[in-house]
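Spelled out, the chains give:
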Amino acid sequence: MHIATIARRGALSAALLAGVFAAGTASAHQIWLQQDGKSASVYFGEFGDNLREASPGLLDKFSIRNVTWISPSGSKPLQASKTAGAFVLNGKVAAGESIIAEERHYPSWEEKKDGKATRTVWIPAARLVADGKAQAAALTLDLVPTGTAGQFQVSYQGKPLAQAKVNAVVQSGWGKEAWSDAQGLVSFPLPWQGTYVLEVQHTDKQAGQHEGVAYDKAMYVTTLSLVQPQGVAPLPAGPALPPSKDHD
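Rules used throughout
- Residue positions are given per chain, counting from 1 as you read along its sequence in written order.
- Local features in a predicted model are, by the rule used here, given only for residues with pLDDT of at least 70; side-chain atom pairs are given and counted only at 80 or more, and totals for whole chains, interfaces and linings are based on all residues.
- By convention in this description, side-chain values take in all heavy atoms of the structure and omit both hydrogens and water.
- Relative accessible area decides the class of each residue, using a 1.4 Å probe on protein chains only: under 20% of the type maximum gives buried, over 50% gives exposed, and in between gives partly exposed.
- Secondary structure elements follow DSSP: runs of H or I no shorter than four residues count as helices, runs of E no shorter than two count as strands, and numbering proceeds from the N terminus.
- Two strands are counted as paired when DSSP detects at least two bridges linking them.
- Two aromatic rings, drawn from Phe, Tyr or Trp (for Trp, its six-membered ring), form a pair once their centres lie within 6.5 Å of each other, and the interplanar angle then sorts them: stacked below 30 degrees, edge-to-face above 60, tilted otherwise.
- Both a distance and an angle decide whether a charge sits over a ring: NZ of Lys or CZ of Arg must be within 6 Å of the ring centre and within 35 degrees of the ring normal.

1. A short note on the pairing of strand β2 (residues 40-46)
Line of reasoning, step 1. Counting buried positions over the seven residues of β2 gives seven, a clear majority of the element.
Line of reasoning, step 2. By the bridge criterion, six bridges tie strand β1 (residues 30-35) to β2 in an arrangement that is antiparallel. If you follow Gln 34 over to β2, its bridge partner there is Ser 41.
Line of reasoning, step 3. Here β1 folds back onto β2 in antiparallel fashion, the turn holding four residues.
Line of reasoning, step 4. For β2 and strand β7 (residues 87-89), the ladder comprises two bridges, and the chain directions are antiparallel. In the strand pairing of β7, Val 42 is matched with Phe 87.
Line of reasoning, step 5. In terms of strand pairing, β2 meets strand β3 (residues 51-52) through two bridges, oriented antiparallel.

Now the structure itself:
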């Protein structure tokens, strides 16, 4: 495994086990969607580090009530059932379809600096697609395929988001990063067969209200999961990291 990946794993685990997560390192984690032959599931952790949080544990901070299946003919809500390692959905995607999920109830937190308190809300979201067909933005911070191979578009509040850093990873730890252009477009080579998870983050420093909570800034992180059917045989995933301890 790449040395940088090993170092990243060690640093992340140390930080979480030291209790830093409770102070706001939720932004170091992500939610993402994957599916097997029967259904799709929502996971929480770090896909590229083979870390999946569990219940009992950090997975219990989530409710995952806002899940939507989208097809060219319309959309419908899906139900999420929590298990020991994921939220299992009563649906999956086929060609031209997608599933989006957004966690709107993750606990906010307060940080104090120089005598000033700042409240932050963290809004993770995820999208799953079955192919590279163009999709319309639907999440507050969204990342969608454009229909051109390896090309994606970042949007925030329905408008293209420029200069957003997007990371693409596979479960072996291989990754690439790129920045969106003025139209929110970003492109990646996808050399490996198998599942990719792309991630984009954006912080809105304008105060507001979210689900009845007044905040000073909102941190968004959205993932896009897709399967590349062709390419080089994937490298094996590293050993699974143990779920983090909840220090709240």
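2. Details of the packing of aromatic side chains
Line of reasoning, step 1. One pass over the full model with this rule turns up 10 aromatic pairs.
Line of reasoning, step 2. Ring centres 5.7 Å apart and planes at 70° place the aromatic pair Trp 32 and Phe 47 in the edge-to-face group. With Trp 32 in strand β1 and Phe 47 in the loop between β2 and β3, this pair connects stretches of sequence that are 15 residues apart. Each member of the pair, Trp 32 together with Phe 47, is buried.
Line of reasoning, step 3. Within the aromatic cluster, the residues linked to one another by ring pairs are Phe 44, Phe 62, Tyr 106 and Trp 122.
Line of reasoning, step 4. One Lys or Arg, Arg 52, reaches over the ring of Tyr 43 and ends 4.9 Å from the middle of that ring.
Line of reasoning, step 5. Directly above the ring of Trp 69 sits Lys 76, whose terminal nitrogen or CZ lies 5.2 Å from the centroid.

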